[in-house]
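In case you want the letters, here they are:
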Amino acid sequence: MKNYDIIFLGGGQAGVFGAFEAIEKDKNLKVLVIDKGRMLTQRVCPKEKLGKCVKCPTCAIIFGVSGAGAFSDSKFNMDYRVGGDVHVITGKSVVNETIKYVADVYKRFGFDEKPSGVEYNQPMLDIKKRCIEHDVQLVDTPTMHLGTDGSRELYTKLVNYLLESGVEFASEREAEELIVENGEIKGVVVSHKGTMETYHGENVVIGMGRSGAKKVMDLCQKYGVVYKTGAVDVGVRVEIPDIVMKDINENFYEAKMIYYTKKYKDRMRTFCSNPSGFIAAEKHGDDVILANGHAYKDKKSTNTNLALLCTKTFTEPFNQPFEYATAIAKMSSMLTGGKILMQSYGDLKAGRRSTEARLARLNIVPTTEDYVAGDISLACPKRILDNIIEFIEIHDKITPGFASSDLLLYFPEIKFRSTRIEIDENMETNIKGLYAAGDSSGYGSGLNIAAVMGILAVRHIVTK
Ligand SMILES: Cc1cc2nc3c(=O)[nH]c(=O)nc-3n(C[C@H](O)[C@H](O)[C@H](O)COP(=O)(O)OP(=O)(O)OC[C@H]3O[C@@H](n4cnc5c(N)ncnc54)[C@H](O)[C@@H]3O)c2cc1C
């Protein structure tokens, strides 16, 4: 039975950057990264060859070493205000300093790009003014952009470096149990091709991402890890011709906007904008198919996609936001037979379903075939749909043309981070030696904060 100094449950952004930091601090540490998916080089999506999703039991796009980041557009936000809110625990400067440190690691592995969105020109000032006029907060943070292809390159170099430095990877192993004795972590149990394996260690960092969020909640309940019911983000991914988004794309690359709806006072935000990008289907189990999007550095479409998300927190006695969001996704999947549900904004406003014949009359051609044209109002709760429509109309005042019939709405886009684990400034939970980092902790929603949390956990472990 092997004993490790640090075990990472989940080899995504938090896991690989945590492992990097461990080796930086002490080359002799015995570090193990466990992941449900495959090693990065074996993460091949059959869709690339077959042209359609064949519903693999473990989706190579979201599961596997390097995590969701490996296939993401990898916009790296250089500010604590975007990508999560761990700063409420650590303070802002720690997060910003660690983000800078991560950007230096990116540079070390060959990625060095001048961040966009730093100096304002006239079109940017005009956009900001229109945001102010319409009660929209523009969160203007510097952003670096790797692109889906650049991101694969970076992770390949980083994972190779970790392997050369002696970090062990146990891929295709799914976290099943924690070993907790007298309030202290002693190891983990994982399943691998029908058998159970035990790994011992007194420091375990859980970073299982959104894909592992439900499992993390189950583990918290079973082993008494203190957590709160968090929020859930439900909305749509929209796609619109680049020409409409030109000013934003060319000057900000991505303009992050937050808006509180007049009707319900709910928080809406734009998220993960991909100029000249592509819509992607994200599979979380057989009947949970979510919309997402990405962009390559070199391969380009003529459409921009971005998410419009509604953040919902629930009050007592309801405490199952994860199940709530899953039920929404299942309802949508029921209507489509396991694809994303898509409707044009023109059809939504006209109260009719979209059909291929109606879509063919638009100026826009969808960048995916993983959808079924239909009526999203049959699957999306009214309050959320009202919020989406209000946000689209407000966005139109900032970006004229946005609320046109050519806007395609792909449903649902959901961010599962409903468990908010109670952690201290070192990312340690109430179980001694058990740390939580990244999206599955409930404090992260982006690459920057996941890396920061993995690194901060390791910095504490090595001081012990
Ligand atoms: C299509 C797409 C585009 C995105 N674009 C951006 C972007 O441009 N900028 C940005 O900042 N963020 C982006 N994100 C979000 C970003 O990828 C995540 O916030 C980030 O990867 C979170 O890191 P993490 O380590 O917490 O989780 P992840 O990177 O998701 O890693 C979690 C790991 O845990 C593993 N795992 C899950 N369950 C188990 C289990 N039971 N047992 C063992 N292992 C398990 C998974 O296989 C995975 O490797 C995007 C996400 C997607 C899906």
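Remember, it's a predicted structure, so these values are computed and weren't measured experimentally.

Visitor: I'd like a description of the side chain of aspartate 347, backed by residues and values.
Guide: Among the structural elements, aspartate 347 can be located in helix 10 (residues 345-350). Look past the residues within four positions of aspartate 347 in its chain and what remains in contact with it is Arg352, Arg353, Ser354, Thr355 and Arg358.

Visitor: I'd love a proper account of the UniProt feature "domain: FAD-dependent oxidoreductase 2 FAD-binding" (unreviewed entry) in the protein, names of residues and values included.
Guide: UniProt's feature table lists "domain: FAD-dependent oxidoreductase 2 FAD-binding" (unreviewed entry) at residues 151-221, given in the numbering used throughout. Note that residues 151-221 is 32% helix and 42% strand, and that its end C-alpha atoms are spaced 35 Å apart.

Visitor: Tell me what's going on with the sheet that holds strand 5 (residues 136-139), and back it up with residues and numbers.
Guide: With mixed pairing, the eight strands of this open sheet are ordered in space as 5-14-15-18-13-21-19-20. At either margin of the open sheet sits one strand with a lone partner, and together these are strand 5 and strand 20 (371-373). Between one strand and the next, the sheet's axes are offset by a mean angle of 30°, whatever the strand orientation. By the bridge criterion, four bridges tie strand 5 to strand 14 (residues 256-260) in an arrangement that is antiparallel. Residue leucine 138 lies in a different strand from strand 14, and its bridge partner there is methionine 257.

Visitor: Outline the environment of alanine 103, supporting the account with residue identities and numerical values.
Guide: Its location among the elements puts alanine 103 in helix 4 (residues 92-108). Residue alanine 103 is classed as buried on the basis of its relative accessible area of 5%. In this structure the C-alpha to C-alpha distance between alanine 103 and methionine 144, which are 41 residues apart in sequence, comes to 8.9 Å. The contact partners of alanine 103, leaving out residues within four places of it in the chain, are Phe76, Met78 and Met144.

Visitor: Give a description of the domain arrangement of the protein that names residues and reports values.
Guide: We note that the domain assignment places domain 1 (3-111 + 146-227 + 420-463) and domain 2 (122-141 + 231-415) within the protein. Placing the centre of domain 1 and that of domain 2 at their C-alpha centroids yields a distance of 28 Å. Contact with domain 1, which involves 25 residues of that partner, is made by 25 residues of domain 2. Buried surface at the junction of domain 1 and domain 2, summed over both partners, amounts to about 2,100 Å²; 56% is from carbon and sulfur atoms. Three residues stand out in domain 1 for area buried against domain 2, namely Lys55, Lys75 and Arg210, and they jointly supply 25% of the buried area on that side. Linking domain 1 to domain 2 there are four residue pairs in polar contact (both at pLDDT 80 or more). Those elements that provide at least two residues to the side of domain 1 that touches domain 2 are strand 4 (75-77), helix 6 (147-164) and helix 7 (213-223). Split by residue class, the side of domain 1 that touches domain 2 holds 10 nonpolar, five polar and 10 charged.

Basis of the calculations
Residues numbered from 1 in each chain as written. Predicted model: local features only at pLDDT ≥ 70, side-chain atom pairs only at ≥ 80, totals over all residues. Heavy atoms only, no water. Helix = DSSP H or I, 4+ residues; strand = E, 2+ residues; numbered from the N terminus. Contact = heavy atoms within 4.5 Å. UniProt positions renumbered as here; feature names shortened; annotations may be inferred. Pairing = 2+ DSSP bridges. Axes fitted to C-alpha atoms, helices over the stretch in contact; angles between N-to-C directions. Buried < 20%, exposed > 50% of the residue type's maximum accessible area, 1.4 Å probe, protein only. Domains from an automatic or database assignment. Buried area = accessible area lost by both parts, 1.4 Å probe. Polar contact = N/O pair within 3.5 Å; in protein donor to acceptor, adjacent residues only side chain to side chain. Nonpolar A, V, L, I, M, F, W, Y, C, P; charged D, E, K, R; others polar.

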